[in-house]
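Structural overview
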Amino acid sequence: MAYNPYENAQAQFDKVADMMNLEQGAREFLRQPMREFHFTIPVKMDNGTTKTFKAYRIQHSDARGPSKGGLRFHPHETADTVRALSMWMTWKCAVVDIPLGGGKGGVVCDPREMSLAEQERLCRGFIRQVNRIIGYNADVPAPDVMTNGQHMVWMMDEYETITGGHYPGVITGKPLGLGGSLGRTEATGYGVIYVLNDLLKNEKVDIKNTTASIQGFGNVGEYAARLYTELGGKVTCISSYDLADKTSYTFRKKSGCNIEELVSIKDQFGSIDKTKAEALGYEKLSGDAWLSEEVDILIPAALENQITPDNFSTISQKVKFIVEAANGPVTPDCDPLIKERGIMLAPDFLANAGGVTVSYFEQIQCNMNYFWSKEEVLEKLQTTMANAFSAVYKLAKERNVYMRDAAYMIAIERVNNAVKMRGWL
């Protein structure tokens, strides 16, 4: 069954709007983006030809502050995916209570098949199209799937060339020395584990006695795996996309994966070298084998629509926790099955909010032109994530509702209050 992420995002919203008895005007306003920009980017390729790329920047809400959200480079990007992600960004910023709204961008391309020079021209072309609608006080892009700090620097440089000044706060996720923040690289993955650890503590489970299986070994999956194992947990499975075969594989070591050695044999896109992994003693299994592993915790850290009613039955009965490190990895029609099984789920826009939180910290530091130590950044991150988790967990217990629903209730109420106070409704 094919899932539309935007329809998923709206279904999740509609369900909670019913639970909250949200008035009709607010429903109509909040279930769709405020603004959408669809455009094309012509890029001169290295072979002398010109290729035109479709692109999007979608702003779901700026009621609580400037729109904030990443920019994806992906060959299968769609407007509906970007719409959904912009909507989730609104709820993400609201649930951790930072003064930002939700936005998202996407370019239909495959950077894995482009030279660095072609990627740079694409980045600069993107900014030439959106420079009028972005800014540290309007809309702040950041890296996402298959984009990185280098892409952000090219974009910042193009923006500053056009505007004739220095505006490092216009884009976050930049390298250190060019307006980047210490702790940003680890932020999303660490935030996932901060939430997981708080959840386990509240459920009286020692993280040292748990095992986990992770889908995806990009930035989020890697740093989630690092911190989880540092805290005493054991990762037995990691799933990774192979560029050469254009398929996914699961690498398993029941005695526990050595995260450092797997990092040493992966590329910049998170693809683990299968030949080297097998030489290091890892079993190579099918790409979806991570889902059926006998573990306590599943951490989907790849793309949306990965856990559905069609594959839910393959999840081991041992699994007690799912932590959504990716955006929208569980489809709405699978939530009732998870709840019925008694699995506790930490929803995506709470669990993976560490990235946008430290992006917000980066934006503050850029605007002040004063930068914090890594310890200070991570301490502020952990405090923010702990406060957000505590509010969601408490409401879920008080109202006897699914944690995703509790998180939505808090986020929607905060955004709706901002909209009302502004007099928009």
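Here we summarise the structure given alongside this text.

Reading the values: rules and limits
- Residues numbered from 1 in each chain as written.
- Predicted model: local features only at pLDDT ≥ 70, side-chain atom pairs only at ≥ 80, totals over all residues.
- Heavy atoms only, no water.
- Helix = DSSP H or I, 4+ residues; strand = E, 2+ residues; numbered from the N terminus.
- Expected span 1.5 Å × (residues − 1).
- Buried < 20%, exposed > 50% of the residue type's maximum accessible area, 1.4 Å probe, protein only.
- Pairing = 2+ DSSP bridges.
- Axes fitted to C-alpha atoms, helices over the stretch in contact; angles between N-to-C directions.
- Phe/Tyr/Trp six-rings, centres within 6.5 Å; stacked < 30°, edge-to-face > 60°.
- Lys NZ or Arg CZ within 6 Å of the ring centre and 35° of its normal.
- 1 Å grid on protein atoms, 1.4 Å probe; cavity = no way out; pocket = protein on both sides within 12 Å on 5 of 7 lines; lining within 4 Å.
- Points joined across faces, edges and corners; volume = space filled by probe spheres on them.
- Nonpolar A, V, L, I, M, F, W, Y, C, P; charged D, E, K, R; others polar.

**Some remarks on helix H4 (residues 116–130)**
- Here H4 spans 21 Å end to end across 15 residues, near enough to the 21 Å set by a 1.5 Å rise per residue.
- Every buried residue belonging to H4 is among Glu118, Gln119, Leu122, Cys123, Arg124, Gly125, Phe126, Ile127 and Val130, and all of these are buried.

**Considering the sheet that holds strand E6 (residues 211–215)**
- Judged by pairing direction, the sheet is mixed, and its seven strands sit side by side in the order E9-E8-E7-E6-E10-E11-E12 without closing on themselves. Two strands in the sheet have a free side with no partner beyond their single neighbour: strand E9 (283–286) and strand E12 (344–346). Within this sheet the neighbouring strands show an average axis-to-axis angle of 20 degrees, counted without direction.
- Looking at chain direction, strand E7 (residues 234–242) and strand E8 (residues 247–252) are connected through six bridges and run antiparallel. Residue Cys237 lies in a different strand from E8, and its bridge partner there is Arg252.

**Considerations on the packing of aromatic side chains**
- Within the structure shown, the criterion is met by 11 aromatic pairs.
- Taken together, Phe13, Trp91, Phe349 and Tyr408 form an aromatic cluster joined through their ring pairs.
- Just above the ring of Phe217 sits the side chain of Lys266; from NZ or CZ to the centre is 5.1 Å.
- One Lys or Arg, Lys380, reaches over the ring of Trp372 and ends 5.0 Å from the middle of that ring.

**Describing the layout of surface pockets**
- Approximately 240 Å³ is the volume attributed to the second largest pocket.
- When contributions to the lining of the second largest pocket are tallied by element, the ones reaching two or more residues are E12 and helix H13 (374–399).
- Ranked by residue count, the leading element in the lining of the second largest pocket is H13, at three residues.
- The class makeup of the residues in the lining of the second largest pocket is eight nonpolar, two polar and three charged.

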